[in-house]
Every structure is written in C-alpha cells, then in structure tokens.
Amino acid sequence: MVQRSWSPKVLVGSRVVLRRHAPENVAAFLRWYADPEIARLARYQATPMRPEEIERFFAARVVGPDALAMAVHVRGTDRLIGTCAFSQLDGENGSALYHITIGESDAWGHGYGTEATQLMVDHAFETLGLHRISLNVFEFNERAIRAYRRCGFQIEGRSRESIWRDGRWWDEIAMSILESDWRIRRDGRSAAGEDGAADDQADLPEAVGAGPSDRIRKTIGRWR
Ligand SMILES: CC(C)(COP(=O)(O)OP(=O)(O)OC[C@H]1O[C@@H](n2cnc3c(N)ncnc32)[C@H](O)[C@@H]1OP(=O)(O)O)[C@@H](O)C(=O)NCCC(=O)NCCS
C-alpha cells in the first residue's frame, strides 16, 4: 500500500484516534455501507451500495495512493467506528472536499464525529496548508450539520429540493471553512485552554480574500 507523506500516520484527540486504514478494514466498510440508514443520510441514491461497489470504493478512495482517508478509532478501546476523508484535492486553489461516516450507529452522538472532523480540519490547515474545506450535507441530517458547525463550518448555500427522501423533497446544504476562520477559532481555543473541539457556535467573520500562498502551492505540489 503506497502512502504519501501528507497522509499522517496518526492524529490523536481526547475521544478518538485517527489512523491510516488497514486493508482488513474493508470488512467494516462492507457492513457500514450496506446499512440503509447510512445510505439515507449520506448517499444520493437511497439504496445502499452493492458489495462490489464498496470494495472498489475502498481500494480507490480509502487505501489507494491518492486517498487521504483516515480510520476513526475510539481512544482507549481502539474500536474502529468509522472513516473520514478529503477528496477532490485541488492544488491550484488550495481546497478539498470533506467526508465522514461513523459507520457504527451505536457510536453516534458521543462526540466522536465532531472530534474526528476537528482533527482533520486542524491537519488540513496546520500541516497541509490548505485554504478552504467544503462539504455537502442533506438538510435533514441535523446531527451532521451540528457537528460541522461546531468545528467552524458555515452554511454558504443550498441546492433547493435536490434530494427526494422519505416521501418529500429536501435541500442539499453546502458548508465550508476557510483557513482564516479556522485561525480565529484556533486562537480562541488556545486562549480558552481547550484541547479538542471548540464550544461556541457563533457565526464567524466573512471570508478574507487571499490567493493560495507559496506554502500552499509547495505543500500541494507534493500531492501531484
Ligand atoms: C454525522 C456524524 C459524523 C456525526 O458524528 P457523531 O459522533 O454522531 O456526532 P457528535 O456526537 O460528534 O455531534 C453531534 C451533534 O448533533 C447533536 N445530535 C446528536 N444526535 C442528534 C439527533 N438525533 N438529531 C439532531 N442532533 C443530534 C449533538 O448534540 C451534537 O451537537 P452539539 O455538539 O451541538 O450538542 C455521524 O453521526 C455519522 O457519521 N452519521 C452517519 C453518516 C452521516 O450522516 N455522515 C455525514 C454525511 S454528510
């Protein structure tokens, strides 16, 4: 398995530890992505992925040479509960798309998804030198929206009635966080002596316009 230097070996939080995926994690993916509730929350098609699709996805997007995916383990027990990743890494513009699935539903609502997201966001801005992270989420997925907002993502738009689910139309919400948003929050977190996810959910200042810095170009240049 090829791993690039930009893919960290481990990111440690207070509740979760993110590790590079091991090939045997495919068994967990086969379970998670066969769950109709995961499909309802995270997939454009309402039906779950087929096993061969999951295996292809795992090989290309999770352990493939261009993947930046991390396994989410509970700190202490080391139980594997999910996966999170960046895709569409755009070196020209310093941006990436974020995804997360806590596949074990009994692990929902314990703060794991929020902390995993915060660790990935910190890594993206602090180490990779990214400028912007975006994501898409269905409007009925309140748990996800709350977790993203807690990490500093802001709603920046919505595709009206683009998802048909549970017998009605729903909007798809676009969220993003900029490096400048993150820096302000990080300074706030350090001043408050916080280690993990930030507590306040106040709206953040508008974007500060700045082109990709030399550092971003240099870091992302290594990805290609
Ligand atoms: C979305 C997901 C990553 C969130 O991670 P998590 O560990 O379950 O969530 P957390 O415990 O970190 O945070 C959940 C937040 O939603 C709130 N919440 C928990 N259960 C909720 C529910 N049923 N409805 C609404 N909000 C809920 C929590 O109170 C918390 O908000 P707060 O910090 O403001 O109090 C995870 O649930 C998941 O992967 N779900 C399945 C797949 C999915 O939806 N992926 C995202 C697709 S965009």
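Quick caveat, the model's predicted, so the values are computed rather than measured.

Asker: Go over the site of the ligand with me, naming the residues and quoting the values.
Answerer: For the ligand, the set of nearby residues contains 22 residues, the closest of which are Ile102, Gly113, Thr114, Ala144 and Arg146. Breaking the shell around the ligand down by element, the ones donating at least two residues are helix H2 (36-42), strand E5 (95-102), helix H4 (112-127) and helix H5 (142-150). Take the shell around the ligand: its biggest share by element is six residues, from H5. When grouped by side-chain class, the residues that make up the shell around the ligand number 10 nonpolar, eight polar and four charged.

Asker: Hey, could you go over the environment of Met49 for me, with residue numbers and the actual values?
Answerer: In this structure, Met49 sits in the loop between H2 and helix H3 (51-62). Separated by 11 residues in sequence, Met49 and Ile38 have C-alpha atoms that sit 9.9 Å apart. Every residue in contact with Met49, bar those within four places of it in the chain, is listed here: Tyr33 and Ile54.

Asker: Describe H5, with residues and values.
Answerer: For H5, the set of buried residues is Ala144, Ala147 and Tyr148. Buried residues of H5, seen end-on, are gathered within an arc of 95° and therefore sit on one face of the element. Across from the buried face of H5, at angles greater than 90 degrees, the exposed residues are Glu142 and Arg146. Lining the buried residues of H5 we find H4, strand E6 (132-138) and strand E8 (168-178). Positive phi appears at Gly152, one or two residues downstream of H5, with a value of about 105°.

Asker: Hey, could you go over the pairing of strand E2 (residues 16-20) for me, with residue numbers and the actual values?
Answerer: If a strand is regular, its side chains alternate between the two faces of the sheet. Bridge analysis of strand E1 (residues 10-12) against E2 gives three bridges, and the strand direction is antiparallel. Within the sheet, the bridge partner assigned to Leu11 lies in E2 and is Leu18. Between E1 and E2, which pair antiparallel in sequence order, lie three residues. Relative to strand E3 (residues 68-74), E2 is paired through five bridges, and the arrangement is antiparallel. From the neighbouring strand, Val16 faces E3, where its bridge partner is Val74.

Asker: Please give an account of unusual backbone geometry that cites residues and values.
Answerer: Residue Gln88 is not a glycine yet carries a positive backbone phi of 50°. Judged by local crowding, Gln88 falls into the exposed class, with 9 C-beta atoms found within 10 Å. Positioned with a positive phi, Glu161 is a non-glycine residue whose angle comes to about 45°. Looking at where Glu161 falls in the secondary structure, it is placed in strand E7 (residues 154-165). On the basis of neighbour counts, which here come to 12 C-beta atoms within 10 Å, the residue Glu161 falls in the exposed class.

Each value, and the rule that gives it
- Residues numbered from 1 in each chain as written.
- Predicted model: local features only at pLDDT ≥ 70, side-chain atom pairs only at ≥ 80, totals over all residues.
- Near = placed C-beta within 6 Å.
- Helix = DSSP H or I, 4+ residues; strand = E, 2+ residues; numbered from the N terminus.
- Nonpolar A, V, L, I, M, F, W, Y, C, P; charged D, E, K, R; others polar.
- Contact = placed C-beta atoms within 7 Å.
- Buried ≥ 20, exposed ≤ 12 C-beta atoms within 10 Å, placed from the backbone.
- Arc of directions from axis to C-beta.
- Pairing = 2+ DSSP bridges.

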